[in-house]
Amino acid sequence: MLVVQKFGGTSVGSVERIREVARRCIATQKAGNDVVVIVSAMSGETNRLLGLAKQVNDDPPPEYERELDVIAATGEQVTVGLVSLAIQKAGGQAQSFLGSQVRIVTDSAFTRARIQSIDGQKIHDALKQGKIAVVAGFQGTDADGNITTLGRGGSDTSGVAIAAALKADVCEIYTDVDGVYTSDPNVVPSARKIDRISYEEMLELASLGAKVLQIRSVEFGMKYGVKIHVRSSFNNNEGTWVVPEEKQMESVLVSGVAADKNEAKVTLIGVPDKPGTAAKIFQPLSGASIVVDMIIQNISEAGRTDLTFTVPRADLKRTVELIRRALPDMAEQGIKTDDNIAKVSVVGVGMRSHAGVALRTFEILAEEGINILMISTSEIKISVVVEAKYAELAVRVLHDGFGLGKAPA
Ligand code: ASP
Ligand code: MG
């Protein structure tokens, strides 16, 4: 088998952890597999590097985001070298590769680049020589050779994309938890580990801030059918398999409940209600790679309408600037923002075939007196925006209300 193993920051967080990674890779190879390892920076390192950048220049203009990537990408350069040395020391053979050395070509959206192509040749060559290939996660280069990074948590995407490019049999994502849980165990003590989950559900949970997997890694997995196994690097337990939807998954009404506190709400009051306005507003946001999530337009009155949507909190300032530019006639007070919100969602493919999940969600929140600010639904998800201070409570009552908790001992 060809096995891709991706190790996150805590899994390479110390010299001892790196030795442990080396042992695991060698054991996997000795079991008869070709092994490709993708690593993150040591835990805390990316924050440290970006913190340094911030001390020097706390608000670089977009043209200077290129420099942030030059800085941040060094974290992974260190770990690929260390892991290769550790593998050699433990009796194996390894070769490290930076993103540019295996031609991980991305677009030029610095700090959030998207992978366009990967040339697996050098990796295959290393494998043929009996080596373990150790590839830097999180980074690539654009067509002009600029160093790019894939956004926070991006080495998950490196792992799955490389697994797809190499047609690997499995992509194992090693982390510091035992798998994907029905909710964040720090918030919901009764949360359970999920054994198998569909790409679609995982996509929703990942987008909701269940931080185990970067969302794009799940998109890649779904698109190319990569079997993803999320598991702990601290034990040998079976983790969570992220796989194509299976028949029996439908019998579960709700698979998970998650909260996302990384969004902010923007309301535009009294925008002209005529064709082209929405496009005019969202075009520049899309051009700036700002991911707009929930969008609600109200019924209009006297040719004007209100529009509310959410964007990542980190993009709020830029969003407002872009909208001011797109709608120069808009009054200052016509743009309202609120970053004190949380999006709470219940997710499950079972919703497709069962009615009443939305109603039950609203009832459960009502019983706790939690006010709902926005609602959106999809085939397999119901999301509500609430005041940030209610996020944890909402998650807990929904998790228990839908019977996801462990049976009491
Ligand atoms: N080191 C990067 C980060 O901290 C990428 C990753 O760990 O996945 O976001
Ligand atoms: Mg991660």
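How each quantity is defined
- Residues numbered from 1 in each chain as written.
- Chains lettered and ligands numbered in written order.
- Predicted model: local features only at pLDDT ≥ 70, side-chain atom pairs only at ≥ 80, totals over all residues.
- Heavy atoms only, no water.
- Helix = DSSP H or I, 4+ residues; strand = E, 2+ residues; numbered from the N terminus.
- Rg over C-alpha atoms; globule rule 2.2 N^0.38 Å.
- Buried < 20%, exposed > 50% of the residue type's maximum accessible area, 1.4 Å probe, protein only.
- Contact = heavy atoms within 4.5 Å.
- Areas by Shrake-Rupley, 256 points an atom, 1.4 Å probe, with all protein chains shown as cover.
- Lys, Arg positive; Asp, Glu negative; His and termini not counted.
- Charge placed at Lys NZ, Arg CZ, Asp CG, Glu CD.
- Phe/Tyr/Trp six-rings, centres within 6.5 Å; stacked < 30°, edge-to-face > 60°.
- Pairing = 2+ DSSP bridges.
- Expected span 1.5 Å × (residues − 1).
- Near = heavy atom within 4 Å.
- Polar contact = N/O pair within 3.5 Å; in protein donor to acceptor, adjacent residues only side chain to side chain.

Quick look at the overall build of the protein chain
- Within the protein chain one finds 12 helices and 20 strands.
- Rg of the C-alpha trace for the protein chain: 22 Å, near the compact-globule value of 22 Å for 409 residues, within the 12% margin.
- Its C-alpha atoms give the protein chain principal-axis dimensions of roughly 75 × 55 × 35 Å.
- For the protein chain, the residues scored as buried account for 51% of the 409 residues in total.
- Residue pairs at least 24 apart in sequence account for 75% of intrachain contacts in the protein chain once pairs closer than 6 positions are excluded.
- For the protein chain, the computed accessible surface area is about 18900 Å², with 51% contributed by carbon and sulfur atoms.
- The centroid of the 45 positive side-chain charges in the protein chain is displaced by 4 Å from the centroid of its 50 negative side-chain charges.

Remarks on the packing of aromatic side chains
- Per the counting criterion, the structure on display carries 3 aromatic pairs.
- An angle of 25° between the planes, with centres 5.8 Å apart, marks the rings of Phe220 and Tyr224 as stacked. Here Tyr224 and Phe220 lie together in helix α8 (residues 215-224), a separation of 4 residues that amounts to about one turn.
- Since its relative accessible area comes to 47%, Tyr224 is described here as partly exposed.

Re the pairing of strand β14 (residues 263-272)
- β14 sits mainly inside the fold: 8 of its 10 residues count as buried.
- As judged from the 8 bridges shared by β14 and strand β16 (residues 304-312), these two strands associate in the antiparallel manner. Counted as the bridge partner of Leu268 is Leu307 from β16.
- Sheet topology places β14 next to strand β17 (residues 335-338); 4 bridges connect them, and they run antiparallel. Each bridged residue has a counterpart across the sheet, and for Lys265 the counterpart in β17 is Asp338.

Focus on helix α1 (residues 15-30)
- With 16 residues, α1 should cover 22 Å at 1.5 Å per step; its first-to-last C-alpha distance of 23 Å lies within 8% of that length.
- Looking at the buried positions of α1, the neighbouring elements they touch are β1 (2-7), β2 (34-39), α4 (74-89), β6 (132-136), β9 (170-175) and β11 (228-232).
- Gly32 lies just past α1 and shows a positive phi near 105°.

Section: the site of ligand 1
- Ser40, Ala41, Thr46, Glu76, Phe138, Arg152, Gly153, Gly154 and Ser155 make up every residue found near ligand 1.
- Separating a nitrogen atom of ligand 1 from a side-chain N or O atom of Glu76 is a distance of 2.7 Å.
- Between ligand 1 and Ser155 there is a distance of 2.4 Å, counted from an oxygen atom to a side-chain nitrogen or oxygen.
- Taken by itself ligand 1 offers 260 Å² of open surface, and the protein chains cover 87% of this.

Thoughts on unusual backbone geometry
- The phi dihedral of Arg103 is positive, around 45°, even though this residue is not glycine.
- Take Arg103: it is sitting in the loop between β3 (94-97) and β4 (105-106).
- In this structure, Lys167 is a non-glycine residue whose phi angle is positive, near 55°.
- Topologically, Lys167 is positioned in the loop between α6 (155-166) and β9.
- The exposed category is assigned to Lys167, whose relative accessible area is 71%.

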